[in-house]
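As a plain string of letters, each chain reads:
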Amino acid sequence: IFGIVCVLAWDLGGVLLDGGFVLLQWEVIVMIVFMVFYCVLLPFSNSYIMAEQHVLMMSISVICMVLSYRRMSIIMTEEWFKKKFDENKMTLPSQYALLLRKEARSVLTPMLLPICSRLHELLITGHGMDASLHLHKAHHPLVFISSLLVLGYMRSQHANPKEQGISLINHQSHLLALACLGHSWWEKQTSDPERNGHYSCLLAIAIPLFGIIFVTTRRISSRLDKLDDRKWNQPSTDIALFYSMLILVMAVTGPSAAPSALLFLIQMQAMRGMIQWTGPYKMSPAIIAALFHLTTRHAFFSTNHACAFNRLQYSAAFVISNTFHFATAGCFLFCNTFGWEVLGGGMTMTTTTESDVVWRWYLVFQELQMVGAVFAVTLMRRHLMVWAIFAPKFVFECVFWVLRVGFFCIKTLL
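Residues numbered from 1 in each chain as written. Predicted model: local features only at pLDDT ≥ 70, side-chain atom pairs only at ≥ 80, totals over all residues. Heavy atoms only, no water.

**Q** Help me understand the overall build of the chain, please; the structure alone is not making it clear to me.
**A** The helix and strand inventory of the chain stands at 15 helices and zero strands. Across the chain, the fraction of contacts at a sequence separation of at least 24, relative to all contacts at a separation of at least 6, is 76%. Accessible area of the chain: about 19900 Å², with a carbon and sulfur share of 68%. (Helix = DSSP H or I, 4+ residues; strand = E, 2+ residues; numbered from the N terminus. Contact = heavy atoms within 4.5 Å. Areas by Shrake-Rupley, 256 points an atom, 1.4 Å probe, with all protein chains shown as cover.)

Below is the structure:
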C-alpha cells in the first residue's frame, strides 16, 4: 500500500506542478467528483460489478454535456454569432440557431462519446458467445459484414493516397484481414460443424500480428541506431499499429466485436477532434485523459467483460482450433480480456504525442483506481466475498496499471 500510494503521489504531484490542471473550468470540477467516486469510493461496494458500467456511463454523459454547454456558451458571446443572429433576425432561440451555423456544430462533438457508449451497451450483445446459436442480433451476417465494410472504409480514409512501400502494404493487408475475418464469422455462424472458419480466422490473426512485429521492431531499431528514418515516425505507422491491434481484438472476441469496434473508433475520432480545440475552447489535459480513461473502461464492460474471473470469455481460446493449446489459448484470452485497454492506451499515446501531461494524467487515474482497489481488498479481507469481488478487482486494476506502464516504456522507446 505504501509503495502504490508513493507512486500515485509522485505522478500526481508532477502533473500538478507542470500546470496540467485548471480548476476554473466547469467540467474539471465535475470530473473530480466523478473520478473520486468511481476510483476511490466505488471499490468498497460489493455491488460494484453491477454498478460500475452504469457509473461510467453517467460520468461520460455528464462531463460531455458540461463540455458542450461551456463551448456553446462561449460561442454565443462571440461577435460573429451575434452579428449573424441579428442580420437574419432569427426567431429561434439562440441555442437552436447556433446549430444552423456550420462552424458552431462542433459543440455536439463531445456528445458522440455518451451516445456511442449508450448504443454500445444497449444494442450490441453476444461478445465471446457462440455465433452458431443465433441468439444475438450482432451475430447476423448483415450486422457484422456491414460493420466490417465501414471499418474498411475508415481504414482507407486514414490511408495516405500517396503512400508507398510498407505503408501501402499495411493498408492492403488490413483490408485483406478484415475480409478474412468476415469469411470466418460467416462460416462460424452456420450450423454446419465442418464449416468452423478456423483457417480464415488464423489468417486474419497472422496478418496484423506480423505487421505489429515488423513495424515495432523496425521503429525500435531505428531509434536505437539513431537513424534518420522519418517514414517510421509518421502517423501512418501509428495508425497501422492501431488497426492491427483492433483486428486482433475483433478476431478473438467474435462477430459482436465488429460493431463494437466501429463505435469505439467513432469515439476515438471524436476525441482526436476535441483535442484540437484551441483558445477559450481548449480542454484541460486532465479532462482529455479522463475521457480517454472512461470511454476505454466503458468499452471493456460493454463487451461483456467485468473485473471477475467468472466473466472471462474462454471461447477466445478456440477461435482457430477446437483443440486447446496452452500458449495460444492464454495469449488469445489475454487479448480478448485486455485488448480494449490496449487499444485505448495506444490511441491515447499516439493522439497526445505533443503533450506528456495528458499521458501522465492518464496514468494517474489508473493509479488512483489501483489505490482504491488495494485499500478495499485490505480493509475487506475478512469479507465473505473477498475472493469473489474485492481480490479480482485488485488483480484486474494491477494488470491495467502494468499495461499503461508498458505503454509509457513503449512511448519512450518509439
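**Q** Please clarify how helix H11 (residues 257–275) should be interpreted in this entry.
**A** Counting along an α-helix, one turn takes 3.6 residues, and residues three or four places apart therefore face a common direction. Counted at 1.5 Å a residue, the expected span for H11 with its 19 residues is 27 Å, and the 26 Å between its end C-alpha atoms agrees. In terms of residue burial, H11 counts as a mostly covered element, since 14 of its 19 residues are buried. (Expected span 1.5 Å × (residues − 1). Buried < 20%, exposed > 50% of the residue type's maximum accessible area, 1.4 Å probe, protein only.)

**Q** Mind showing me how you'd approach the side chain of His139 here?
**A** Along the polypeptide, His139 turns up in the loop between helix H6 (112–123) and helix H7 (141–158). The class of His139 is buried, set by a relative accessible area of 1%. There is a polar contact of 2.9 Å between the side chain of His139 and the backbone oxygen of Gly126. Within the local environment of His139, its side chain forms a polar contact with the side chain of Ser256, the two groups lying 3.2 Å apart. Other than its neighbours up to four places away in sequence, His139 contacts Gly126, Met129, Asp130, Ala131, Phe144, Gln189, Pro255 and Ser256. (Polar contact = N/O pair within 3.5 Å; in protein donor to acceptor, adjacent residues only side chain to side chain.)

**Q** Sorry if this is basic, but what is going on with H7 here?
**A** Compared with an ideal rise of 1.5 Å per residue, which puts 18 residues at 26 Å, H7 spans 25 Å between its outermost C-alpha atoms and is within 8% of the ideal. Among the residues of H7, those classed as buried are Pro141, Phe144, Ser147, Leu148, Leu151, Gly152, Met154 and Arg155. The buried residues of H7 occupy an angular sector of 165 degrees when projected down its axis, which confines them to one face. Turned more than 90 degrees away from the buried face of H7 sit Leu142, Leu149, Tyr153 and Gln157, all of them exposed. (Arc of directions from axis to C-beta.)

**Q** Honestly, the state of the cysteines in this entry has me stumped. Any pointers?
**A** In a disulfide, the sulfur atoms of two cysteines are held together by a covalent bond. This structure, assessed with the given rule, holds zero disulfides. The thiol of Cys331 is not disulfide-bonded; the next cysteine sulfur, from Cys335, is found 9.0 Å away. Accessibility expressed as a relative area gives 52% for Cys331, which makes it exposed. (Disulfide = S-S within 2.5 Å.)

**Q** Would you take a moment to explain unusual backbone geometry for this structure?
**A** Trans is the prevailing form of peptide bonds, just as negative phi is the prevailing case for residues other than glycine. At Asn304, a residue that is not glycine, the phi angle is positive and equals roughly 70 degrees. Mapping Asn304 onto the fold places it in the loop between helix H12 (285–302) and helix H13 (326–351).

**Q** How should I be thinking about the nonpolar core in this particular structure?
**A** A general tendency of soluble globular proteins is for nonpolar side chains to be buried together. Of all hydrophobic cores here, the largest spans 92 residues; its most connected members are Met31, Met250 and Leu291. Looking at this core element by element, the count peaks at twelve residues for helix H10 (residues 235–253). Sequence-distant contacts of Met250, that is, excluding residues within four places in its chain, are made with Leu148, Leu151, Leu178, Leu181, Trp185, Ala257, Ala258 and Ala261. With six residues, the next largest nonpolar core counts Ala376, Val386, Ile389 and Phe390 among its residues. (Core = buried A, V, L, I, M, F, W, Y, C linked by side-chain atoms within 4.5 Å.)

**Q** Can you walk me through the environment of Val249 in this structure?
**A** Relative to the elements of secondary structure, Val249 occurs in helix H10. By relative accessible area, Val249 is classed as buried at 0%. Along the sequence, Val249 and Leu333 sit 84 residues apart, while their C-alpha atoms lie 9.9 Å from each other. In this structure Val249 touches Cys335, Gly339, Trp340 and Leu343, once residues within four positions along its chain are discounted.

**Q** Would you mind showing me how to read the environment of Val36 here?
**A** Position of Val36 among the secondary structure elements: in helix H2 (residues 26–41). A relative accessible area of 38% places Val36 in the partly exposed class. For Val36 and Leu368, which are 332 residues apart along the polypeptide, the C-alpha to C-alpha distance reads 8.4 Å.

**Q** Before we go on, may I ask you to explain the packing of H7 against H11 in this structure?
**A** Packed helix pairs are characterised by how far apart their axes lie and by the angle those axes make with each other. In the contact formed by H7 and H11, the axes pass within 8 Å of each other and the chain directions differ by 35 degrees. Pair H7 / H11 crosses with left-handed handedness. On H11, the residues touching Val143, Phe144, Ser147, Leu148, Val150, Leu151, Met154 and His158 of H7 are Ala258, Pro259, Ala261, Leu262, Leu265 and Gln269. Split by residue class, the contact of H7 with H11 holds eleven nonpolar, three polar and no charged. (Axes fitted to C-alpha atoms, helices over the stretch in contact; angles between N-to-C directions. Left-handed = near helix turned anticlockwise from the far one by under 90°. Nonpolar A, V, L, I, M, F, W, Y, C, P; charged D, E, K, R; others polar.)

**Q** Help me understand a nonpolar patch on the surface in this model?
**A** Judged by side-chain polarity, Ile115, Leu119, Leu122 and Leu123 come together as a nonpolar surface patch covering roughly 390 Å² of accessible area. Summarising the element assignment, Leu123 is placed in helix H6. Taking the relative accessible area as the measure of exposure, Leu123 reaches 62% and is therefore exposed. (Patch = residues over 30% accessible without salt bridge, like charges linked within 9 Å, V, L, I, M, F, W, Y side chains within 5 Å. Salt bridge = Lys/Arg side-chain N within 4 Å of Asp/Glu carboxyl O.)

**Q** I would appreciate a short explanation of the packing of aromatic side chains in the present structure.
**A** The description of an aromatic ring pair rests on the distance of the ring centres and on the angle between the ring planes. Within the structure shown, the criterion is met by 15 aromatic pairs. Ring geometry for Phe300 and Phe400: centres 5.4 Å apart, planes at 90 degrees, overall edge-to-face. Of this pair, Phe300 sits in helix H12 while Phe400 is found in helix H15 (residues 386–413), placing the two residues 100 residues apart along the sequence. Neither Phe300 nor Phe400 differs from the other in exposure class; each is buried. Aromatic rings pair up to connect Phe300, Phe301, Phe309, Phe334, Phe338, Phe396 and Phe400 into one cluster. Here the basic side chain of Arg297 rests over the ring of Phe400, its NZ or CZ set 4.0 Å away from the ring centre. Residue placement shows Arg404 over the ring face of Tyr362; its charged tip is 3.8 Å from the ring centre. (Phe/Tyr/Trp six-rings, centres within 6.5 Å; stacked < 30°, edge-to-face > 60°. Lys NZ or Arg CZ within 6 Å of the ring centre and 35° of its normal.)

**Q** When you look at the pattern of salt bridges in this model, what are you seeing that I'm missing?
**A** Side-chain pairs of opposite charge can arise where the charged atoms are in close proximity. Evaluation of the coordinates by the stated rule reveals six salt bridges. Of the charged contacts, one joins Lys393 and Glu52 as a salt bridge, the two residues approaching to 2.9 Å between their closest N and O atoms. Of this pair, Lys393 sits in helix H15 while Glu52 sits in helix H3 (residues 48–76), and the two are 341 residues apart along the sequence. Take Lys393 and Glu52: they sit in the same class, and that class is buried. Across the pair Glu121 and Arg118 runs a salt bridge, and its minimum N-O distance is 2.3 Å. Of this pair, Glu121 and Arg118 both sit in helix H6, three residues apart, which is roughly one turn of the helix. Classification of Glu121 as buried rests on a relative accessible area of 16%. Within the structure, one salt-bridge network assembled from shared partners comprises Glu52, Arg297, Glu341, Lys393, Glu397 and Arg404.

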